[in-house]
Amino acid sequence: LKADRFGNKLWSQYFGGSKVDVIRYLSQTLDGGFLLSGSSESYGPGESDIWIIKASSSGLIEWNKNFGTFRNEYGGNLLETDDGSLFLIGNGDLNNSGDQDIWLIKTNSQGDSLWSKTYGGSGNETGNDILSIGDSSYIILGSTSSFGNGFEDVYLMKTDDSGNEEWLYTYGGSDMENGSSICHSTDGSYLIAGYTKSFGQGQKDIYIMKIDYEGNEIWSQTYGT
């Protein structure tokens, strides 16, 4: 849906088939179009597969791609680099182990896979967001039940341009945390948004963290009732 600054609809487009199809992330491309990422049960080889769409400035599909197996895969955010290639984060049971691992895919400008890597341990991991940090490195944000302090913790990993791990941090308490979104702060640090059940007022509360360039926590806050 595109709306003007007063919220009046200018146009809308629909994407999907006969089953459940979900777009979770949207960003504008260098050519004025849009990239959409999420998951599809209508298209692809299996149950739920990662689905990315490149749309024009008017919302018309220029191309779309699926990534997955006959098991379940889920798409997180993606970003476009200066040369038009894409980095896509998500998760899937690629090893047929019954557990989800974080899945990083690099594609060309048409969405064709160039390489992919998985990260995780014996439990479940999700990949939700990816951020370019300007030195040919990337930060991946999600959650993990393989590492950390509790049932599920915020998962933050820095990789190089080839997807090789440079460092890994987890954040959380004895219960459940998840990292949903990460962005640059004006002072060179990073802000993470997600939820927590270990801290705050009870059940799931909004969880905001500030971390420095090396992944060290500066402060955290919770919001909720």
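An account of the accompanying structure is given in this report. (Residues numbered from 1 in each chain as written. Predicted model: local features only at pLDDT ≥ 70, side-chain atom pairs only at ≥ 80, totals over all residues. Heavy atoms only, no water.)

**Details of the pairing of strand β11 (residues 125-132)**
Stated formally: Summary of the burial criterion: residues with accessible area below 20% of their type's maximum are buried, those above 50% are exposed, and those between are partly exposed, where the area comes from a 1.4 Å probe applied to protein chains only. Working definition: helices are DSSP H or I runs of at least four residues, strands are E runs of at least two. Numbering for both runs from the N terminus. What makes two strands pair is DSSP finding at least two bridges between them.
Most of β11 sits out of view: six of its eight residues are buried. Linking β11 to strand β12 (residues 137-144), which pair antiparallel, is a turn of four residues; within it Gly 134 sits at a positive phi near 90°.

**Side note on the side chain of Asp 101**
The line we're drawing: The sign given to each residue is positive for Lys and Arg and negative for Asp and Glu; His and the chain ends receive no count. Every case where a carboxyl oxygen of Asp or Glu lies within 4 Å of a side-chain nitrogen of Lys or Arg is listed as a salt bridge. Throughout this description, a polar contact denotes any pair of N or O atoms lying within 3.5 Å of each other; where both atoms belong to protein, one of them has to be capable of donating a hydrogen while the other can accept it, and for residues adjacent in sequence the pair is counted only when both atoms sit in side chains. A contact between two residues is defined here by any heavy atoms of the two lying within 4.5 Å.
Its place among the elements puts Asp 101 in strand β9 (residues 101-107). For the buried Asp 101, no salt bridge is present, and the opposite-charge side chain at shortest range is Arg 71, 9.4 Å distant. Engagement of the side chain of Asp 101 in a polar contact is seen with the side chain of Asn 95, the distance being 3.4 Å. With residues near it in sequence (within four places) discarded, Asp 101 still touches Gly 90, Asn 91, Gly 92, Asn 95, Thr 118, Tyr 119, Gly 120, Gly 121, Gly 123 and Glu 125.

**Things to note about the pattern of salt bridges**
In a structure, side chains of opposite charge can pair up when their charged atoms sit close to one another. As enumerated under the stated definition, the model contains seven salt bridges in all. Close ionic contact of Asp 31 with Lys 54 constitutes a salt bridge, the shortest N to O distance being 3.2 Å. Of this pair, Asp 31 sits in the loop between β3 (21-28) and β4 (34-40) while Lys 54 sits in strand β5 (residues 49-55); the two residues are 23 residues apart in sequence, bridging distant segments of the chain. By relative accessible area, Asp 31 is classed as exposed at 55%. Residue Lys 54 is classed as buried on the basis of its relative accessible area, which comes to 7%. Salt-bridge contacts for Lys 54 lead to Glu 62; the nearest nitrogen and oxygen are separated by 2.8 Å. Where salt bridges share partners, they join Asp 31, Lys 54 and Glu 62 into one cluster.

**Things to note about unusual backbone geometry**
A positive phi angle, near 55°, is found at Asn 96, a position not held by glycine. Its location among the elements puts Asn 96 in the loop between β8 (86-92) and β9. Since its relative accessible area comes to 51%, Asn 96 is described here as exposed. Of note, Ser 136 is a non-glycine position whose phi angle comes to about 60°, a positive value. Note that Ser 136 resides in the loop between β11 and β12.

**Description of the sheet that holds strand β6 (residues 61-67)**
In sheet architecture, strand pairing relies on hydrogen bonds along the backbone and comes in two forms, parallel and antiparallel. As a reminder, the rule being used: In this analysis an axis means a line fitted to C-alpha atoms, helices contributing only their contacting stretch, and an angle means the value between N-to-C directions, from 0 to 180 degrees.
Spatial strand order, β3-β4-β5-β6: four strands in an open sheet with antiparallel pairing. One side of each edge strand has no neighbouring strand; the edge strands of this open sheet are β3 and β6. Taking the axes of each pair of neighbouring strands and ignoring which way they run, one obtains an average angle of 20° across the sheet.

**As for the packing of aromatic side chains**
For clarity, the threshold we go by: Working definition: a ring pair exists when centres of Phe, Tyr or Trp rings (six-membered ring for Trp) sit within 6.5 Å. Plane angles under 30 degrees give stacked, over 60 give edge-to-face, the rest tilted.
With the rule as written, the count across this model stands at seven aromatic pairs. Centre to centre, the rings of Trp 167 and Tyr 169 are 5.3 Å apart; their planes meet at 75°, and the pair counts as edge-to-face. Accessibility expressed as a relative area gives 28% for Tyr 169, which makes it partly exposed. Taking the centre distance of 6.4 Å and the plane angle of 25° together, the rings of Tyr 190 and Tyr 213 count as stacked. You can see Tyr 190 sitting in strand β16 (residues 190-196) and its partner Tyr 213 sitting in the loop between β17 (205-211) and β18 (217-223), a full 23 residues away along the chain. Relative accessible area serves as the criterion here: at 34%, Tyr 213 is assigned to the partly exposed category. By way of ring pairs, the aromatic residues Phe 87, Trp 115 and Tyr 138 are connected into one cluster.

**What to know about the environment of Lys 106**
On the secondary structure map, Lys 106 appears in strand β9. Sequence-wise, Lys 106 and Gly 120 are 14 residues apart; in three dimensions their C-alpha atoms are separated by 18 Å. Contacts of Lys 106, omitting those with residues within four sequence positions, involve Ser 85, Leu 86, Phe 87, Asp 112, Ser 113, Leu 114, Trp 115 and Asp 161.

Purely geometric stuff here, so don't read any function into it on its own.
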